[in-house]
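Below are the chains, spelled out letter by letter.
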Amino acid sequence: MSITQIISAIGNNSIQAPLIVRDCFIEAPIKVKLAYDQNKGDKYIARHAVRERIIDEYGTSLVWLGGIPLIDKIAGKIIKKKGFNPNVNLKLFKEDEVQGINKNIEKFKNIAPDAVKDLIKVKNNKKLYETFLASKFFASVAIPIALMGFVLPKLNYRLSKKIMGKNDSTVYSEPSFTGNFAATMANFSTLDRMAMTDGGLAVGRVSTSRNKYEAIDNAVKMSGMLYLNFVAPKQIARLLDSTTGKLFKLNVNLDPIMLDNNEFLSAIRNGNLKLPKSNSAKDIIDFIDENPDSIFTKFAAKFKKIKMYNEKVRDPRAYVDIKNLVKFKKDIESFKNSAKNIDDIIKFAKRAKFVKGINIISNVVASSLLLAIALPKFQYAVRKIITGSDLEPGLINQ
């Protein structure tokens, strides 16, 4: 994997890569160090706080980053054994002017017959398929929530009790999962489910806290993590791209991989880059289906804006987010327009790629520091105000 591909991956806030980098290689080590520093007034407490933090951070990361994809894969295989293809998106049952289960069956029946068979099977057994997908969704969210929010902290606490030689007088909450997950949620992305799992994790950590002060401590920590993991990075990215774009008079909205692609840059330089003729859903979908070999279609597929069934046919089982595609088209047009009067487009693109790379790295560093330093410092400040102590509230009375 090239440097450009690595930077592209860690800069894509719609996938797991940035979370892995921040969570495992930056945040966890810093948080462990801060846990020691915060409790160093009592070496005994500090030692146990560090152990608890190591188990908590890396145990949670293992389940959070790996559990959802693994459970999703296992559930998908089970659904396939039941005769359904889990790639059929339930959003297709809501027909619009360009896509829908009936439209896709008719449009693709001769060019992707096997995929259409999957659509027909789901169409004729909608309720059963909804049940399978809802169960798949529930499993991929509920199991990690149970492990991270309830099982892991309780085991961690009991380990502390055993090591510290005290009786366990804390009353713990038992995990309880209720509620009916709508079938429409079954097509949430892995990142969406990670965000939802994080919310469940917050509930679990607060409810399993050893006393009310630890519950407040965990509530501050988990609410901050939700914001800084899933909202702040996108806001920081927009701010950095907008600021540096104006400052250096560059268009930095495109992914570094596109800015490094000679075919794309040559097409712009030669004036033969083909794009949909308008931003309407029909024009964009028609363009993709009629031009599967176009640069626009290839990059739309590469960056998960669309899903291809094979090299020549869009997957009729997948739902297309038109708004996402329109933004992608506008970003390409914006770069194209900003480069049309440039003599050396390769040099122009390299500058844009360099600035974009700096923005991506800056975003990862900034969001990581917010998570690893600013949030814990804020959490500790609140702890000091509420408890009057710097020590871990769950360990003081062990």
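Only a predicted model underlies this, so the values are computations on that prediction, with no experimental measurement involved. (Residues numbered from 1 in each chain as written. Predicted model: local features only at pLDDT ≥ 70, side-chain atom pairs only at ≥ 80, totals over all residues. Heavy atoms only, no water.)

## Side note on the packing of helix α13 (residues 295-302) against helix α14 (residues 322-339)
Definition in use: The axes used here are C-alpha line fits, helices contributing only the stretch in contact, and every angle between their N-to-C directions lies in the interval 0 to 180 degrees. Secondary structure elements follow DSSP: runs of H or I of four or more residues count as helices, runs of E of two or more count as strands, with numbering from the N terminus. Here the word oblique covers every angle except those under 35 degrees (roughly parallel), over 145 (roughly antiparallel) and from 65 to 115 (roughly perpendicular). It is the rotation of the near helix from the far one that decides the hand of a crossing: anticlockwise by less than a right angle makes it left-handed, clockwise makes it right-handed. In what follows, residue pairs with any heavy atoms lying within 4.5 Å of each other are defined as contacts.
Relative orientation of the contacting elements α13 and α14 amounts to 125 degrees, with a least axis distance of 11 Å. As summarised for this structure, α13 and α14 are arranged oblique, according to the angle between their axes. Regarding α13 and α14, the two cross each other, and that crossing is right-handed. Together, Phe 296, Phe 299 and Ala 300 of α13 and Leu 325, Phe 328, Lys 329 and Ile 332 of α14 make up the contact between the two elements.

## Structural notes on the nonpolar core
What counts here: Take the buried residues of types Ala, Val, Leu, Ile, Met, Phe, Trp, Tyr and Cys, join any two whose side-chain atoms come within 4.5 Å, and each joined set is a nonpolar core. Per-residue accessibility, obtained with a 1.4 Å probe over protein chains only, is compared with the maximum for each type, and a residue is labelled buried under 20%, exposed over 50%, and partly exposed between these values.
Among the nonpolar cores identified, the biggest contains 37 residues, and Phe 264, Ile 332 and Phe 335 are the most heavily contacted of them. At the level of elements, α10 (256-259), α11 (262-270), α12 (281-290), α13, α14 and α15 (345-387) are the ones that each hand at least two residues to this core. Considering each element in turn, this core owes the most residues, 7 residues, to α14. Here Phe 335 is in contact with Asn 251, Leu 254, Leu 259, Phe 264, Leu 265, Ile 268, Phe 348, Ala 349 and Ala 352, once residues within four sequence places are set aside. In terms of nonpolar packing, the next biggest core, distinct from the first, is built from 18 residues, Leu 19, Leu 65, Ala 202 and Leu 371 among them.

## Notes on the packing of aromatic side chains
Rules: Each aromatic pair joins two rings of Phe, Tyr and Trp (for Trp, the six-membered one) with centres within 6.5 Å, and gets the label stacked for planes under 30 degrees apart, edge-to-face for over 60, and tilted for any other angle. Distance and angle both matter: a charge sits over a ring if NZ of Lys or CZ of Arg is within 6 Å of the ring centre and within 35 degrees of the ring normal.
Going through the model one piece at a time under the given rule, you end up with 9 aromatic pairs. The ring of Phe 84 carries the charged tip of Lys 121 above its face, separated from the ring centre by 4.7 Å.

## Here we look at the packing of helix α9 (residues 232-248) against α15
Filter applied, for reference: Polar here means any residue outside two lists: the nonpolar Ala, Val, Leu, Ile, Met, Phe, Trp, Tyr, Cys and Pro, and the charged Asp, Glu, Lys and Arg; Gly therefore counts as polar.
The N-to-C vectors of α9 and α15 enclose an angle of 145 degrees; their axes lie 9 Å apart at closest approach. Handedness of the α9/α15 crossing: right-handed. Across the interface between the two elements, Pro 233, Ile 236, Ala 237, Leu 240, Asp 241, Thr 244 and Phe 248 from α9 touch Arg 351, Val 355, Lys 356, Asn 359, Ser 362, Asn 363, Ala 366, Ser 367 and Leu 370 from α15. For the contact of α9 with α15, the residue count by class is 8 nonpolar, 5 polar and 3 charged.

## Describing the pattern of salt bridges
To keep it simple, the criterion reads: The term salt bridge refers to a side-chain nitrogen of Lys or Arg lying within 4 Å of a carboxyl oxygen of Asp or Glu.
By the definition in use, this model includes 25 salt bridges. A salt bridge links Lys 109 to Glu 106; its shortest N-O distance comes to 3.0 Å. Its relative accessible area of 39% is what places Lys 109 among the partly exposed residues. The salt bridge partner of Asp 286 is Lys 282, with a shortest N-O separation of 2.7 Å. You can see Asp 286 and its partner Lys 282 sitting in helix α12, 4 residues apart, about one turn around the helix. By relative accessible area, which is 46% here, Lys 282 ends up partly exposed. Overlapping salt bridges bring together Arg 53, Asp 217, Arg 383 and Glu 392 as one network.

## Observations concerning helix α5 (residues 113-124)
For clarity, the threshold we go by: To estimate how far a helix should reach, multiply one less than its number of residues by 1.5 Å. The arc in question is formed by the directions pointing from the helix axis toward the C-beta atoms.
The terminal C-alpha atoms of α5, which comprises 12 residues, lie 16 Å apart, in line with the 16 Å expected from a rise of 1.5 Å per residue. Taken together, the buried positions of α5 are occupied by Ala 115, Val 116, Asp 118, Leu 119 and Val 122. For α5, the buried positions fall inside an angular range of 150 degrees around the axis, keeping them on one side. In α5, those exposed residues whose orientation departs by more than 90 degrees from the buried face are Lys 117 and Asn 124. For α5, the secondary structure elements touched by its buried residues are α4 (101-108) and α6 (126-164).

All quantities given are derived from atomic positions and should not be read as evidence of function.
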